[in-house]
Amino acid sequence: MKIIVCIKQVPDTTEIKLDPVKGTMIREGVPSIMNPDDKSGLEIALQLKDKYNAHVTVITMGPAQADDILREAFAMGVDRAIHLSDRKFAGADTLATSNALAGALRMLQYDLIITGRQAIDGDTAQVGPQIAELLDLPQVTYVEDLEFDNDKTFTIKKFLEEGYQMLQVESPCLITVLSSANKARYMSVRGILEAYDHEVELWGFDNIKVDEEKLGLKGSPTRVFKSFTKGAKVMGTLYDDVSSIEAADIIVNKLKEKFIV
Ligand SMILES: Cc1cc2nc3c(=O)[nH]c(=O)nc-3n(C[C@H](O)[C@H](O)[C@H](O)COP(=O)(O)OP(=O)(O)OC[C@H]3O[C@@H](n4cnc5c(N)ncnc54)[C@H](O)[C@@H]3O)c2cc1C
């Protein structure tokens, strides 16, 4: 079984700060980590490696420093790491990011592609589903668990707001994983010691067969008109010692005042 996990390096915070003048994200001085959903996706892949001797590849698109998460993935137990980096990929929005990643994935063999549900910086949750569309693969989003059925199918547990859906999906397929799926393993001591002995494959524009017009800033239809940090909310009103019925009445009256109900 061949599994590829897309992992993204993100700032270690959910409180993204924006440059008030340029409107761009301030990355300097913020420590970076492997995106939490991706780490859980990686754990699912490594569990399949433990059980079925699956071959696990990780791939990231990002600047030079993204090498850190590939080394971390080696220390956790992956077999191969690919770093997509090229000036032609710079300024990519989610579509251009997906075009580059899908282009690289087309060059590889896979039974299962795993992405996180969402990156904690960009937060769009678009890249996984876009890759599946570009590669014409069945996709299951919001995955919390996955079992291999010993033939060509996976049984997948998909999280829904009010329960779960159990789905059987033929491989090859793509899943997007939630960080609540598991607690990812720590890097092993031996893995840490050997992390820099492995080769990270550096891939650029020439390694993927994607039209240049679909990559980087050129291939990005998104235009950011304005970014801003949300201001503090006004102080709410506190009601002490009210029963649940009184509380419900207060809420309904407030909603009526605002013409919401
Ligand atoms: C106009 C525009 C310009 C931009 N320019 C830049 C730029 O110059 N530099 C920059 O760093 N960002 C840039 N961004 C942000 C960048 O587009 C997003 O970070 C990226 O497309 C992923 O989107 P997301 O973070 O919402 O990921 P989501 O869709 O929320 O991610 C879902 C999953 O997809 C996978 N994934 C997402 N991105 C990657 C990746 N890069 N490598 C591997 N797997 C991945 C992960 O598994 C992740 O959990 C730009 C955005 C816009 C709108």
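Residues numbered from 1 in each chain as written. Predicted model: local features only at pLDDT ≥ 70, side-chain atom pairs only at ≥ 80, totals over all residues. Heavy atoms only, no water.

Draft legend 1. Broad picture of the environment of Val 58. Mapped onto the secondary structure, Val 58 falls in strand β4 (residues 55–61). Considered as a pair, Val 58 and His 83 are 25 residues apart in the sequence and their alpha carbons are 8.6 Å apart. (Helix = DSSP H or I, 4+ residues; strand = E, 2+ residues; numbered from the N terminus.)

Draft legend 2. Summary view of the environment of Thr 124. Inspection of the secondary structure assignment puts Thr 124 in the loop between β6 (112–116) and α4 (127–134). The exposure class assigned to Thr 124 is partly exposed, which follows from its relative accessible area of 36%. Taking C-alpha positions, Thr 124 is 8.0 Å from Thr 94, a pair spaced 30 residues apart along the chain. Filtering out sequence-adjacent residues up to four positions away, Thr 124 remains in contact with Thr 94 and Gln 118. (Buried < 20%, exposed > 50% of the residue type's maximum accessible area, 1.4 Å probe, protein only. Contact = heavy atoms within 4.5 Å.)

Draft legend 3. Inspection of the site of the ligand at higher detail. Among the 28 residues in the neighbourhood of the ligand, the closest are listed as Cys 6, Lys 8, Asp 38, Ala 92 and Thr 124. Here Asn 35 contributes a side-chain N or O atom positioned 3.1 Å from an oxygen atom of the ligand. Asp 123 places a main-chain nitrogen or oxygen 3.4 Å from an oxygen atom of the ligand. Surface burial for the ligand is 80%, taken as the share of its 940 Å² of free accessible area covered by protein chains. (Near = heavy atom within 4 Å. Polar contact = N/O pair within 3.5 Å; in protein donor to acceptor, adjacent residues only side chain to side chain. Areas by Shrake-Rupley, 256 points an atom, 1.4 Å probe, with all protein chains shown as cover.)

Draft legend 4. Structural detail: the nonpolar core. Counting 33 residues, the largest nonpolar core has Val 5, Leu 42, Val 58, Leu 112, Ile 114 and Ile 175 as its most contacted members. Residues contacting Val 58, with those up to four places away along its chain left out, are Val 5, Ile 7, Leu 42, Leu 70, Ala 73, Val 78, Arg 80, Ala 81 and Ile 82. Ranked by size, the runner-up nonpolar core spans 24 residues in total, among them Leu 84, Ala 104, Leu 137 and Phe 205. (Core = buried A, V, L, I, M, F, W, Y, C linked by side-chain atoms within 4.5 Å.)

Draft legend 5. Spotlight on a nonpolar patch on the surface. Taken together, the side chains of Tyr 142, Phe 159 and Tyr 164 define a hydrophobic patch exposed on the protein surface, amounting to about 290 Å² of accessible area. Relative to the elements of secondary structure, Phe 159 occurs in strand β8 (residues 153–160). Overall, Phe 159 belongs to the partly exposed group, its relative accessible area being 33%. (Patch = residues over 30% accessible without salt bridge, like charges linked within 9 Å, V, L, I, M, F, W, Y side chains within 5 Å. Salt bridge = Lys/Arg side-chain N within 4 Å of Asp/Glu carboxyl O.)

Draft legend 6. Fine view of the packing of aromatic side chains. This structure, assessed with the given rule, holds three aromatic pairs. Summarising the aromatic geometry, the rings of Phe 148 and Phe 154 are spaced 5.5 Å apart at their centres and angled 50° between planes, so their arrangement reads as tilted. Counting every residue linked through ring pairs, the aromatic cluster contains Tyr 52, Phe 148 and Phe 154. A cation over an aromatic ring shows up here: Lys 157 above the ring of Tyr 164, its NZ or CZ 4.0 Å from the ring centre. (Phe/Tyr/Trp six-rings, centres within 6.5 Å; stacked < 30°, edge-to-face > 60°. Lys NZ or Arg CZ within 6 Å of the ring centre and 35° of its normal.)

Draft legend 7. Here's a closer look at the pattern of salt bridges. Under the criterion given, the structure shown has 14 salt bridges. Across the pair Arg 117 and Asp 37 runs a salt bridge whose closest N-O atoms are separated by 3.5 Å. Separated by 80 residues along the polypeptide, Arg 117 in the loop between β6 and α4 and Asp 37 in helix α1 (residues 36–52) bring together distant segments of the chain. Asp 37 sits in the buried class, given a relative accessible area of 5%. Overlapping salt bridges, with partners in common, bring together Lys 88, Glu 212, Glu 213 and Lys 218 in one network.

Draft legend 8. Quick look at the packing of α1 against helix α2 (residues 67–76). One can describe the packing of α1 onto α2 by two numbers: an axis separation of 11 Å at closest approach and a directional angle of 30°. Between α1 and α2 the crossing geometry is right-handed. Packed against α1, whose contacting residues are Lys 39, Leu 42 and Leu 46, the element α2 presents Glu 72, Ala 73 and Met 76 at the interface. Residues of the contact of α1 with α2, tallied by class, amount to four nonpolar, no polar and two charged. (Axes fitted to C-alpha atoms, helices over the stretch in contact; angles between N-to-C directions. Left-handed = near helix turned anticlockwise from the far one by under 90°. Nonpolar A, V, L, I, M, F, W, Y, C, P; charged D, E, K, R; others polar.)

Draft legend 9. Main features of the sheet that holds strand β5 (residues 80–84). Pairing is mixed in the open sheet, where nine strands are placed in the order β9-β8-β7-β10-β6-β1-β4-β5-β11. Strands at the two margins of the open sheet, each flanked by one partner only, are β9 (163–170) and β11 (200–203). On average, each strand axis in the sheet is tilted by 35° relative to the strand beside it, whichever way the strands run. With five bridges joining them, β6 and strand β10 (residues 173–177) adopt parallel strand pairing. Pairing of Thr 115 across the sheet is with Thr 176, part of β10. Relative to strand β1 (residues 2–6), α1 is tilted by about 165°, and along the sheet it contacts β1, β4, β6, β7 (139–148) and β10. Its contacts with the sheet place α4 against β1, β6, β7 and β10, and it is angled at close to 175° to β10. (Pairing = 2+ DSSP bridges.)

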